[in-house]
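Fold and geometry: a report
The chain contents come next:
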Amino acid sequence: MRALFTLNRYFWKYKHKLLLGIAFVVLSNIFRALQPQVIRKALDEVLLFLGSVPDSGHTEALGQSLMKFGLYLFAFAVLMGLFMFMMRQTIVVMSRLIERDIREEVFAHYLQLDAAFYKRNKTGDLMSRIVEDVNKVRMYLGPAMLYGINLISLVIIVIFTMFQVNAKLAFYTLLPLPALSYIIYVVSNQINLKSEIIQRQLAALTTKSQESFSGIRIIKSYALESHWSNDFAKASDAYRTNTMSLARIDAFFFPSMLLLIGLSTLIAIYMGGLHAMDGSVTPGNIAEFVIYVTMLTWPISAIGWVASIIQQAEASQKRVNDFLHTKPAIAEAPDALPMPKHPSFAFRGVTFRYPDSGILAAQDIHLSIAPSQKVGIVGRTASGKTTVADLMLRIYEPESGTILVNGTDIRNISLKQLRESVSYIPQDVFLFSDTISENIRFGNAQLPDAEIVAAAKAACIHNEISGFTGAYGAVLGERGVNASGGQKQRISLARGLAKSSALLIMDDCLSAVDAQTELDFLDQLDATLKGRSLLFITQRLRQTQYLDYLYVFEQGRIVQKGTFQELVDQPGLFKTLYDLENQTG
Ligand SMILES: Nc1ncnc2c1ncn2[C@@H]1O[C@H](COP(=O)(O)OP(=O)(O)O)[C@@H](O)[C@H]1O
Ligand SMILES: [Mg+2]
């Protein structure tokens, strides 16, 4: 129950609702337990009447008192129902409020976490914690709380009332209770175990189908439909086997419970009958006790269910807490300095190793970018180019060496302002299922439409957007426009250009555009930059003619540096690659 204790602060937050809910439960159960007593009294009066000499006075009196009992019974039932309604209103509402709070908290926390965290954890896992696990926790907060409180208070009130009414009869009637509790405990444990396995299999089944739908094109193009169907059938069959065995346990559970409840009823009638002879028990008492036993049936059978919800919620909350207690490795420093307006960036002996793969992606890197300077990084794939961009944005932190912003260690600069003043156009395009203009605007609500168009023009995509039905209002993604790879790349480029920033990082983001568009873009580069600094990462060396200074990367090291002309004129990796590029075109 450790993990669930973390929820107590929410109970505290909504304590009024919780206390009110508990009060309603107790009231509702008091009125429930009163009903059999009315029935007993009515029954005893009827029996008394039957035993007496009938006359009209008697009959009328009996009619009146039965009427009175009937009204009582009705009033108690109405009150019981009313309080039950109100308890649901308070506790279920409370659970929904807490569920919202938890989900918001988890989501906000997720967004704080660093790239290494996202590398370590699968998207599916993140999703299931915020959706399914939070849902399971809500089941504990809502239904389990509701039934739990209800169950405990009903059992206490009913048993208390039974002993009050007739202690001896209560004792005998409740004798099978311990055995019943034990069976419920054993069986519900079994059910929980099975349910967990079934849950896991269902999750696997879901993942499997999800993957097939996302990858439907590749499955079809490899003609692997039947192979995937077979795999699915196997998983589905394993799931069926387990659900069947769960059904068998379930099937055993209810009859055995009913048997023991029946035993209690039998005892109530038999012992009641014996004691009725000596007058210590009235026939009304027997009927009353049979009703009590029936009343206990439901709460006792729900014990296992409530316990299993609590167990599942405990496991879920533990998983949620795991992530909630993960501290972002890279966070805002408490006394961070503001980001300068015209920053210069410098790497001083920066070395970095990816924590998960152990790959040494940057070794002793020295480079600098002055305000308004256009700096290029070139090199083959996997030479560590993107890593430099990640380090500059503090997506990752260097293992050794420092990154300076105007001479200040980047770790002492406000993280938020740093990222606000850098516009990063990543190598992997990511567009949201939203309109083109919202994708370019990307959170900057103040950005006038004219600037969105200007950014699109600078990214050489304006004409193509105008051609889409809906133009800038066209929705991208699964159900919307299917833009080509090159078009998506330039929309992503326009997004980066639309952001007002001091430094623009373009990571290989002209790779999917044609030669003419590439030329158009680079020709107007200075007009596009408007004095911003540029870090231009590319594999196509002819693009670098437009830049002021270049660094050549090879296996995480800088192997050459200089201007384009200097590098072309000297032997080395740059010239080799450049010649190769010109041969192949
Ligand atoms: N997130 C990551 N986790 C682990 N290793 C990575 C990650 N990103 C890149 N690498 C590795 O680091 C090296 C440099 O990668 P990268 O900077 O992306 O190269 P480039 O951008 O030049 O293609 C490569 O060997 C790559 O496999
Ligand atoms: Mg890269």
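Residues numbered from 1 in each chain as written. Chains lettered and ligands numbered in written order. Predicted model: local features only at pLDDT ≥ 70, side-chain atom pairs only at ≥ 80, totals over all residues. Heavy atoms only, no water.

What follows covers the coordination of the magnesium ion (ligand 2). Octahedral metals with six donors have ideal donor angles of 90 or 180 degrees. Tetrahedral metals with four donors have an ideal donor angle of 109.5 degrees. Every protein donor of the magnesium ion (ligand 2) is listed here as T386 (OG1) and Q427 (OE1), and their distances to the metal cover 1.9 to 2.3 Å. Highlighted residues: T386 in helix α12 (residues 385–392) and Q427 in the loop between β6 (422–425) and α14 (436–441), separated in sequence by 41 residues. (Donors = N, O, S within 2.8 Å, 3.2 Å for Na, K, Ca; no water. Helix = DSSP H or I, 4+ residues; strand = E, 2+ residues; numbered from the N terminus.)

A few words now on the pairing of strand β10 (residues 557–562). Pairing of strand β9 (residues 549–554) with β10, which is carried by five bridges, proceeds in the antiparallel orientation. Across the sheet, F553 pairs through a bridge with I558, a residue of β10. (Pairing = 2+ DSSP bridges.)

Turning to the packing of helix α6 (residues 123–165) against helix α11 (residues 283–324), a few remarks are in order. Running from N to C, α6 and α11 cross one another at 155 degrees; their axes reach a closest spacing of 6 Å. The angle between the axes of α6 and α11 places the two elements in the roughly antiparallel class. Note on packing geometry: the crossing formed by α6 with α11 is left-handed. When grouped by side-chain class, the residues that make up the contact of α6 with α11 number 30 nonpolar, seven polar and seven charged. (Axes fitted to C-alpha atoms, helices over the stretch in contact; angles between N-to-C directions. Parallel < 35°, antiparallel > 145°, perpendicular 65-115°, else oblique. Left-handed = near helix turned anticlockwise from the far one by under 90°. Nonpolar A, V, L, I, M, F, W, Y, C, P; charged D, E, K, R; others polar.)

Moving on, we get to the domain arrangement of the protein chain. Many structure descriptions define interface size as the accessible area lost when the parts assemble. For the protein chain, the domain assignment lists domain 1 (2–324), domain 2 (345–421 + 501–584) and domain 3 (433–488). Taken over C-alpha atoms, the centre of domain 1 sits 52 Å from the centre of domain 3. (Domains from an automatic or database assignment.)

By secondary structure assignment, the location of G473 is in the loop between α16 (462–467) and α17 (485–498). In this structure G473 comes out as partly exposed when scored by relative accessible area, which is 43%. Separated by 208 residues in the primary sequence, G473 and T265 place their C-alpha atoms 71 Å from one another. (Buried < 20%, exposed > 50% of the residue type's maximum accessible area, 1.4 Å probe, protein only.)

With respect to spatial proximity, 15 residues lie near ligand 1, and among them S357, A382, K385, T386 and T387 are the closest. S383 is positioned with one of its backbone polar atoms (N or O) 3.1 Å from an oxygen atom of ligand 1. Backbone polar atom of G384 to an oxygen atom of ligand 1: 3.1 Å apart, as the coordinates give it. Protein coverage of the free-state accessible area of ligand 1, which is 560 Å², stands at 76%. Its residues placed into classes, the shell around ligand 1 shows five nonpolar, six polar and four charged. (Near = heavy atom within 4 Å. Polar contact = N/O pair within 3.5 Å; in protein donor to acceptor, adjacent residues only side chain to side chain. Areas by Shrake-Rupley, 256 points an atom, 1.4 Å probe, with all protein chains shown as cover.)

Our next topic: the side chain of D133. One can find D133 in helix α6. A polar contact of 2.9 Å, which involves the side chain of D133, links it to the side chain of R319. Filtering out sequence-adjacent residues up to four positions away, D133 remains in contact with S128, S316, R319 and V320. (Contact = heavy atoms within 4.5 Å.)

What follows covers empty space enclosed by the protein. As enumerated under the stated definition, the model contains one cavity of 30 Å³ or more in all. Around the largest cavity, the lining residues are T173, L174, P176, L177, L180, L260, I261, S264, V293, L296 and I300. Residue assignment for the lining of the largest cavity shows that the elements contributing at least two residues are α8 (177–214), α10 (225–277) and α11. Split by residue class, the lining of the largest cavity holds nine nonpolar, two polar and no charged. (1 Å grid on protein atoms, 1.4 Å probe; cavity = no way out; pocket = protein on both sides within 12 Å on 5 of 7 lines; lining within 4 Å. Points joined across faces, edges and corners; volume = space filled by probe spheres on them.)

Even without a glycine there, the phi angle at S372 is positive, about 70 degrees. Checked against the element boundaries, S372 lands in the loop between β2 (360–369) and β3 (374–379). A residue is classified by how much of its surface remains accessible, and S372, at 44% relative accessible area, is partly exposed. The backbone of Q555 shows a phi angle near 50 degrees, a positive value even though the residue is not glycine. By secondary structure assignment, the location of Q555 is in the loop between β9 and β10. Its relative accessible area of 63% is what places Q555 among the exposed residues.

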